[in-house]
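For reference, the chains in residue letters:
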Amino acid sequence: MYDLIVIGSGPAGLSAAVYGSRAGLNLLVLEEKAMSGGQVLNTYEVDNYLGMPGMNGFDMGMKFKEHVDAMGVPCKTAEVTAVIDHGQSKEVRTADGTAYEAKALILAAGAEHAMLNVPGEAEYRGKGVSYCATCDGAFFRGRDVAVVGGGDVAVEDAIYLARLCRKVYLIHRRDSLRAAKSLQRKLTECDNVEVLWNRTLSAVSGGELVEKLTLQQVKDKTEEDLPVEGVFIAVGMQPNTKAFLNSVPCDEKGYVLAGEDCVTKVPGIFAAGDLRTKQVRQIITAVADGACAVASVEKYLNENF
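Residues numbered from 1 in each chain as written. Predicted model: local features only at pLDDT ≥ 70, side-chain atom pairs only at ≥ 80, totals over all residues. Heavy atoms only, no water.

Peer 1: Explain the packing of helix α4 (residues 152-162) against helix α5 (residues 181-188) residue by residue, including any values.
Peer 2: One can describe the packing of α4 onto α5 by two numbers: an axis separation of 10 Å at closest approach and a directional angle of 25 degrees. Classified by the angle their axes make, α4 and α5 are roughly parallel. At the point where α4 passes α5, the crossing takes the left-handed sense. In contact with Asp152, Val155, Glu156, Ala158 and Ile159 of α4, α5 contributes Leu183, Lys186 and Leu187. (Axes fitted to C-alpha atoms, helices over the stretch in contact; angles between N-to-C directions. Helix = DSSP H or I, 4+ residues; strand = E, 2+ residues; numbered from the N terminus. Parallel < 35°, antiparallel > 145°, perpendicular 65-115°, else oblique. Left-handed = near helix turned anticlockwise from the far one by under 90°. Contact = heavy atoms within 4.5 Å.)

Take a look at the structure:
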């Protein structure tokens, strides 16, 4: 039986692995994908991680994994299908039929930005297509960009980008926004924001980087091109918690209920990074969660074993 199993090897999971190893815990990291690093691997450049400005996202993910490997932490590629609480032991079942047992678990499988799955979106991800205005907005200073969505996040992104960019287009498929009225009022105060109503994004295109979007009118299906250098897609997040929904309490959106100490409502199961309920989902907060989660794990093990 392991002291600790970490599920996920993004920034939160890898941070937990480092801190768990330093704490002398017998631990295992399980990762569904063949390559560790999480969402950061798809980020062209990270400019807001303390002390590492302008870092390529893929290189950052590799650095995180190299740190874990150097400490000798075992990592296995496995798709977790279920987590079962047996009281003082936790069982982790995987798609290949293997079961692992540990005294404690850290759920760190992350979350994924909801995609529109339109032509060019995946191709230009990190090359003009972004899902985080606060992460990448500074790269588009003085340029024309678009935001897709109509909720709080989309409107907040448009307001934020209006301070940096020459022109911001907010593309929404309806004729009214779902965002809070207070945000809508702030949006109207931004002279360089134009809302394009009743339109959907149907394609992203360009050369090496994004150059234009193809929009479709909802009513008559006619199409038009919109020249921009960046597009921020803000149509929601999807936490990777499918395998855990029957094991730990989650909110209505599927995020695991856990506070800054990463403690869930199930003793011995902890949640770190983007899959837990939290205000800010950034690389630096995920890394911090990994450390906090291990501190809580140590406390739990000391009190129960």
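Peer 1: Let's hear about the state of the cysteines: which residues, and what values?
Peer 2: Evaluation of the coordinates by the stated rule reveals one disulfide. With a sulfur-sulfur separation of 2.2 Å, Cys132 is cross-linked through a disulfide to Cys135. What sets the handedness of the Cys132 and Cys135 disulfide is the S-S torsion sign, and at about 70 degrees it is right-handed. For Cys132, a relative accessible area of 15% corresponds to the buried category. In this structure Cys135 comes out as partly exposed when scored by relative accessible area, which is 23%. With no disulfide of its own, Cys190 lies 11 Å from the sulfur of Cys165, the closest cysteine sulfur. No disulfide involves Cys250; its sulfur sits 14 Å from the nearest other cysteine sulfur, which is in Cys262. (Disulfide = S-S within 2.5 Å. Buried < 20%, exposed > 50% of the residue type's maximum accessible area, 1.4 Å probe, protein only.)

Peer 1: Can you break down the packing of aromatic side chains residue by residue, with the values?
Peer 2: Enumeration over the complete set of coordinates arrives at four aromatic pairs. Taken together, a centroid distance of 5.4 Å and an interplanar angle of 75 degrees make the contact between Phe140 and Phe232 edge-to-face. Highlighted residues: Phe140 in the loop between α3 (133-136) and β9 (144-148) and Phe232 in strand β15 (residues 230-233), separated in sequence by 92 residues. When the centroid spacing of 6.1 Å and the interplanar angle of 70 degrees are considered together, the rings of Tyr300 and Phe305 count as edge-to-face. The exposure class assigned to Tyr300 is buried, which follows from its relative accessible area of 10%. One aromatic cluster is present, built from ring pairs that chain together Phe270, Tyr300 and Phe305. Taking NZ or CZ as reference, Lys103 lies 5.2 Å from the ring centre of Phe305, over its face. In this structure, Arg281 is placed above the aromatic ring of Tyr255, and the distance from its NZ or CZ to the ring centre is 4.0 Å. (Phe/Tyr/Trp six-rings, centres within 6.5 Å; stacked < 30°, edge-to-face > 60°. Lys NZ or Arg CZ within 6 Å of the ring centre and 35° of its normal.)

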